[in-house]
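Here are the chains, one letter per residue:
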Amino acid sequence: MKIVLDTNSLIQSVGIHSPYRPVWNSILEGENTLCVTNDILEEYLEILQRFFRPGFAEVVIDTITECPFVEFITPYYQFNLIDADPDDNKFVDCAICADAKYIVTNDRHFDVLKTIRFPEVDIIALKEFVKLLHK
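Every value quoted in this text rests on a predicted model; they were computed, and no experiment measured them.

(A) Local environment of the overall build of the chain. Scanning the chain from terminus to terminus reveals 6 helices and 5 strands. Reading the chain from its N end, one meets helices and strands in the order β-α-α-β-α-α-β-α-β-β-α. Principal-axis analysis of the C-alpha atoms gives the chain an extent of 40 × 35 × 25 Å. A burial count over the chain gives 45% of its 135 residues as buried. As displayed, the chain has an accessible area near 7,600 Å², and 50% of this comes from carbon and sulfur atoms. Of the side chains in the chain, 12 bear a positive and 22 a negative charge, and the two mean positions are spaced by 9 Å.

Structure below.
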C-alpha cells in the first residue's frame, strides 16, 4: 500500500533497534510504497541531520531516492487543510496526490483530517501501523 511518513515517524523507524523498524523494512522490502515530495525529502534531511551522527542522514536520503519502492510525487495543488502547523500540509498534499492509504504520524495536528470529508485522508499512528504490518 502507499503511505506517507511524517518526519517523526521516519526518524523513529530507521533505527536498527527501534520497535518501529518494521515500518522502514516494509518499504525496503516492497511491502509498502513510500510516497515523498522534494519538500518532504528536504525536511527529512534537515531533521535527520539534527538527531543522528554525521553522514547518517545522507545514507537515509540516498536509500530513499534509490529505493524502487518509493514514489516521487509532484503536488500541483496545495489543499492547506492543517492550520495549526501549515508545514505539515506538505505531507497531506503528497498523500492526496499519491492516493496514499495512510499518513503515518503521531502528530496531533493531523487529527483535523478526521473531520474533513473531502478530500479524505486517513491517518494512522506509528504504533498502530506496526500492528497492521504484523497481521
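On we go.
(B) Up close: the packing of helix α3 (residues 38–51) against helix α5 (residues 89–98). With their axes 9 Å apart at the nearest point, α3 and α5 run at an angle of 140 degrees to one another. Between α3 and α5, the interaxial angle falls into the category oblique. Relative to α5, the crossing made by α3 is left-handed. Of the residues in α5, those in contact with D39, I40, E43 and Y44 of α3 are K90, F91 and C94.

(C) Representation of the nonpolar core. By size, the foremost hydrophobic cluster in this structure holds 45 residues, and its most contacted members are V4, L5, L10, Y44, I64 and I103. In contact with I103, not counting residues within four places along its chain, are V4, F91, V92, A95, F110, L113, V121, D122, I123 and I124.

(D) Up close: the packing of aromatic side chains. This model, assessed by the stated rule, comprises 4 aromatic pairs. Judged by centre distance (6.4 Å) and plane angle (65 degrees), the rings of F91 and F110 are edge-to-face. Of this pair, F91 sits in helix α5 while F110 sits in the loop between β4 (102–104) and β5 (123–124); the two residues are 19 residues apart in sequence, bridging distant segments of the chain. This pair shows no difference in class: F91 is buried, exactly as F110 is. When the ring of Y102 is compared with that of F129, the centres are 6.2 Å apart and the planes differ by 75 degrees; the resulting orientation is edge-to-face. Of this pair, Y102 sits in strand β4 while F129 sits in helix α6 (residues 126–134), and the two are 27 residues apart along the sequence. By relative accessible area, Y102 is classed as buried at 15%. Among the residues examined, F129 registers a relative accessible area of 0% and is labelled buried.

(E) Structural view of the environment of I40. With respect to the helices and strands, the residue I40 is situated in helix α3. Taking the C-alpha atoms as reference, I40 lies 9.6 Å from V4; in sequence the two are 36 residues apart.

(F) Quick look at the sheet that holds strand β3 (residues 70–72). Spatial strand order, β3-β2-β1-β4-β5: 5 strands in an open sheet with parallel pairing. On the outer flanks of this sheet lie β3 and β5, each paired with one strand and no other. The pairing of strand β2 (residues 33–36) with β3 spans 3 bridges and is parallel. By the bridge assignment, L34 is partnered in β3 with V70.

(G) Broad picture of the packing of α3 against helix α4 (residues 56–66). Contact geometry of α3 with α4 gives a least axis separation of 8 Å together with a crossing angle of 155 degrees. Classed by the angle they form, the pair α3 and α4 counts as roughly antiparallel. Pair α3 / α4 crosses with right-handed handedness. Touching L41, Y44, L45, L48 and Q49 of α3 are A57, E58, V60, I61, I64 and T65, all from α4. Looking at side-chain class alone, the contact of α3 with α4 contains 8 nonpolar, 2 polar and 1 charged residues.

Reading the values: rules and limits
Residue numbers run consecutively from 1 along every chain, following the written order of its sequence. Local features in a predicted model are, by the rule used here, given only for residues with pLDDT of at least 70; side-chain atom pairs are given and counted only at 80 or more, and totals for whole chains, interfaces and linings are based on all residues. Only hydrogens and water are set aside; all other atoms, that is, all heavy atoms of the structure, feed into the side-chain values. Starting at the N terminus, helices and strands are each numbered in turn, a helix being any DSSP run of H or I of at least four residues and a strand any DSSP run of E of at least two. Burial status follows relative accessibility: with a 1.4 Å probe on protein chains alone, a residue under 20% of its type maximum counts as buried, one over 50% as exposed, and anything between as partly exposed. Accessible surface is estimated by sampling points in the Shrake-Rupley manner with a 1.4 Å probe; for residues, cover comes only from the protein chains shown. Within this scheme the basic residues Lys and Arg register as positive and the acidic residues Asp and Glu register as negative, but His and the chain ends are omitted. Here the site of a charge means atom NZ of a Lys, CZ of an Arg, CG of an Asp or CD of a Glu. Axis angles are defined between N-to-C directions and span 0 to 180 degrees, where every axis is a line fitted to C-alpha atoms and, for a helix, only to the segment in contact. Our angle categories are set so that under 35 degrees counts as roughly parallel, over 145 as roughly antiparallel, 65 to 115 as roughly perpendicular, and the remainder as oblique. Two helices cross in a left-handed way if the nearer one is turned anticlockwise from the farther one by less than a right angle. They cross in a right-handed way if the turn is clockwise. Any pair of residues with heavy atoms lying within 4.5 Å of one another is described as a contacting pair. By nonpolar core is meant a set of buried Ala, Val, Leu, Ile, Met, Phe, Trp, Tyr and Cys residues that side-chain atoms within 4.5 Å join together. Aromatic rings from Phe, Tyr and Trp, with only the six-membered ring used for Trp, were paired whenever their centres fell within 6.5 Å, and each pair was classed as stacked if the ring planes differed by under 30 degrees, edge-to-face if by over 60, and tilted otherwise. One bridge is not enough; two strands pair if DSSP finds at least two bridges between them. Gly is placed with the polar residues, together with every amino acid not listed as nonpolar (Ala, Val, Leu, Ile, Met, Phe, Trp, Tyr, Cys and Pro) or charged (Asp, Glu, Lys and Arg).

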